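Structural overview
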Amino acid sequence: MTLDLLKIAQEEQGGDLFKLLDGIYKRSKVQPRGYTDAIIWEGGSTAGGVKPVAHAFTDMFALNGTLMALDVLGLPFLGVPMMAQFRHDTKLVSLDWFGKLEYTALKWSTAGDFLVNENGRKVVVNGKSANAPLRTAAGVYCNVRPYGTITCIRFMPGLPYSQDKKKFAVDRATGNIHSEMNTPGVRMAYAARLFLKMVHETGQIGRVATKPTQAQEDAVNAGIMRWLMKGTKFKLKRAYSVDAYEEHKDNVDAVAALLPKDFKAGMEGWGGDVYEHISDTNFGILLHDMMQQKKAIIYATDLDGDRLTDLMADAPDALRAWGQMVLDKVKPGTDMKKLWADMGFTMGSGKDMTSVMYRMVGEPIFEQTLGSADAMLLRLLKGDETEGGTKQPYDPRIHFVLINEAYKAANPGNPKLAGWLDAQLETFDKVYSGKRPRYLEGHRKLKPWGTG
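The model shown is predicted, which means the values in this text are computed figures rather than measured ones.

Each value, and the rule that gives it
Residues numbered from 1 in each chain as written. Predicted model: local features only at pLDDT ≥ 70, side-chain atom pairs only at ≥ 80, totals over all residues. Heavy atoms only, no water. Patch = residues over 30% accessible without salt bridge, like charges linked within 9 Å, V, L, I, M, F, W, Y side chains within 5 Å. Areas by Shrake-Rupley, 256 points an atom, 1.4 Å probe, with all protein chains shown as cover. Salt bridge = Lys/Arg side-chain N within 4 Å of Asp/Glu carboxyl O. Helix = DSSP H or I, 4+ residues; strand = E, 2+ residues; numbered from the N terminus. Buried < 20%, exposed > 50% of the residue type's maximum accessible area, 1.4 Å probe, protein only. Core = buried A, V, L, I, M, F, W, Y, C linked by side-chain atoms within 4.5 Å. Pairing = 2+ DSSP bridges. Right-handed = clockwise from strand over helix to strand, strands pointing away. Phe/Tyr/Trp six-rings, centres within 6.5 Å; stacked < 30°, edge-to-face > 60°. Disulfide = S-S within 2.5 Å. 1 Å grid on protein atoms, 1.4 Å probe; cavity = no way out; pocket = protein on both sides within 12 Å on 5 of 7 lines; lining within 4 Å. Points joined across faces, edges and corners; volume = space filled by probe spheres on them. Nonpolar A, V, L, I, M, F, W, Y, C, P; charged D, E, K, R; others polar.

**So, a nonpolar patch on the surface**
A contiguous nonpolar surface patch, about 340 Å² in accessible area, is contributed by Trp 322, Met 325 and Val 326. Within the secondary structure, Trp 322 is located in helix 12 (residues 302–330).

Structure (structure tokens):
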């Protein structure tokens, strides 16, 4: 049976979506850590021993596109209700459910200012896009964004704002770094260790982007990094003017005392080249790394990591546009897009950049943003998703891309599944090549190819 995606969209807008989903999927016996009353749906086929992925059922095309892709592929899944209205009414409890499921997970970011009903009036949903409270609930300590030759590790939730030394301290019981902000030092240590692990395993250069001379949190951040590198084979190719560990030893040691005793076990064999930069200079360095196709891993705080990943996403378009201007001047008729690919550059428009959030307990959470997906679903509900041919139909490819990555991560060492997933993505591209089909038509064309 093929899913009635239009009916699902209609019920989401003004019907009983839970009743509809209960009629399609069964309630799972799987429960998150510490809960016995969580609402979790399950579906798909477990043939071949494929491990399921936990999906956040949110809003608009984040929900509809997910259900369409799962229907086509027939993969086993767990579904957690995280629609804006449900999150709001239940005071974000489903974020805890999602964050405490010990499965590889997949979440979509949608409109931050989603409006919901509260006592007969429209208000902005509690938790907005749910990203920040989810990260806290799930124990996320960083996200990793690989794009082209650059990988950015963004420590979260770390915001280097504090400059008031009088207010600054590390709580000896929790490791929280208290100042104007409240930064979890233990998660900071996990993020720094993952950075060093990736530098060691990939052989790529590591760039540390912090502000230890300006922000008190980052002084501890840089100190933790230096503490972790002690006794290893890492080479510090560029260093801050002071050793942040020696400068902030008491506070770093307070965080280190709360870590597992074997936290540094095995690190004595790790090595690689590490460069310490003030985060602001990393923007220029990043551009040079991108243009030279230099493979680099960057470690940054939440605020600066956000800015760096935005630059990673936006710069390729700007570089290609500049390149086209130069070509038009010296060699008219040359296509910069083709030349870009011929030169080995793989960065596209940023829309294909994925994000993987790592958490203290449980497998990673794959995350992606769906730009204008909300407006596009409303057009579908009005009966003309192309608005008289002036708009393109929704392109669900990103759903299939992220599912491809998440299920491979959840099922390492399963080459048969990996090959099958890649084949499904190739089939998608065949169906969607040329003129893009309308959303429901695309679903019908894809359905015969999957296992659903």
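Moving on from the model shown.
**Concerning the environment of Asp 250**
Mapping Asp 250 onto the fold places it in helix 10 (residues 249–256). On the accessibility criterion, Asp 250 (57% relative accessible area) is exposed. Residues Asp 250 and Leu 3, 247 residues apart in the sequence, show an inter-C-alpha distance of 59 Å.

**A look at the nonpolar core**
Counting 76 residues, the largest nonpolar core has Phe 98, Phe 400 and Tyr 407 as its most contacted members. At 10 residues, helix 3 (residues 60–73) tops the list of elements feeding residues into this core. Among the nonpolar cores identified, the runner-up in size contains 42 residues, and Ile 153, Val 170, Trp 227 and Tyr 245 belong to it.

**Some points on the pairing of strand 3 (residues 53–57)**
Counting buried residues along strand 3, 5 of its 5 residues qualify, which places the element largely inside the surrounding structure. In strand 3, alternate side chains face the same way, and those of Val 53, His 55 and Phe 57 on one face and Ala 54 and Ala 56 on the other are all buried. Here strand 3 pairs with strand 4 (residues 77–81) via 5 bridges, running parallel. Across the sheet, the residue bridging to Val 53 is Phe 77, located in strand 4. Note on the crossover from strand 3 through helix 3 to strand 4: the handedness is right-handed. By the bridge criterion, 2 bridges tie strand 3 to strand 5 (residues 105–109) in an arrangement that is parallel. Considered in strand 5, the bridge of His 55 is made with Leu 106.

**A look at the packing of aromatic side chains**
In this structure the tally under the stated criterion is 14 aromatic pairs. Both rings, one in Tyr 25 and one in Phe 77, keep their centres 5.2 Å apart while their planes meet at 85 degrees; by these two values the pair is edge-to-face. Residue Tyr 25 is found in the loop between helix 2 (17–24) and strand 1 (26–27), and its partner Phe 77 is found in strand 4; the two are separated by 52 residues along the sequence. The two residues Tyr 25 and Phe 77 agree in class, both being buried. With centroids separated by 6.1 Å and ring planes inclined at 50 degrees, the aromatic side chains of Phe 86 and Trp 97 adopt a geometry described as tilted. One end of the pair, Phe 86, is in helix 4 (residues 84–89); the other, Trp 97, is in helix 5 (residues 93–99), with 11 residues separating them in the sequence.

**Side note on the state of the cysteines**
Taken as a whole, this structure holds 0 disulfides when the rule is applied. We note that Cys 142 lacks a disulfide partner, and the nearest cysteine sulfur, in Cys 152, lies 9.8 Å from it. Look at Cys 142 and you get buried, because its relative accessible area is 0%. Using a relative accessible area of 0% as the deciding quantity, one classes Cys 152 as buried.

**Comments concerning the layout of surface pockets**
Approximately 480 Å³ is the volume attributed to the second largest pocket. Forming the boundary of the second largest pocket are 19 residues, of which Glu 12, Gln 13, Asp 59, Gln 85 and Phe 114 lie nearest the centre. Elements supplying a minimum of two residues to the lining of the second largest pocket: helix 1 (5–14), helix 2, helix 4 and strand 6 (115–118). Examining the composition of the lining of the second largest pocket, we find that 4 residues originate from one element, helix 1, more than from any other. Here the residues of the lining of the second largest pocket sort into 9 nonpolar, 5 polar and 5 charged.

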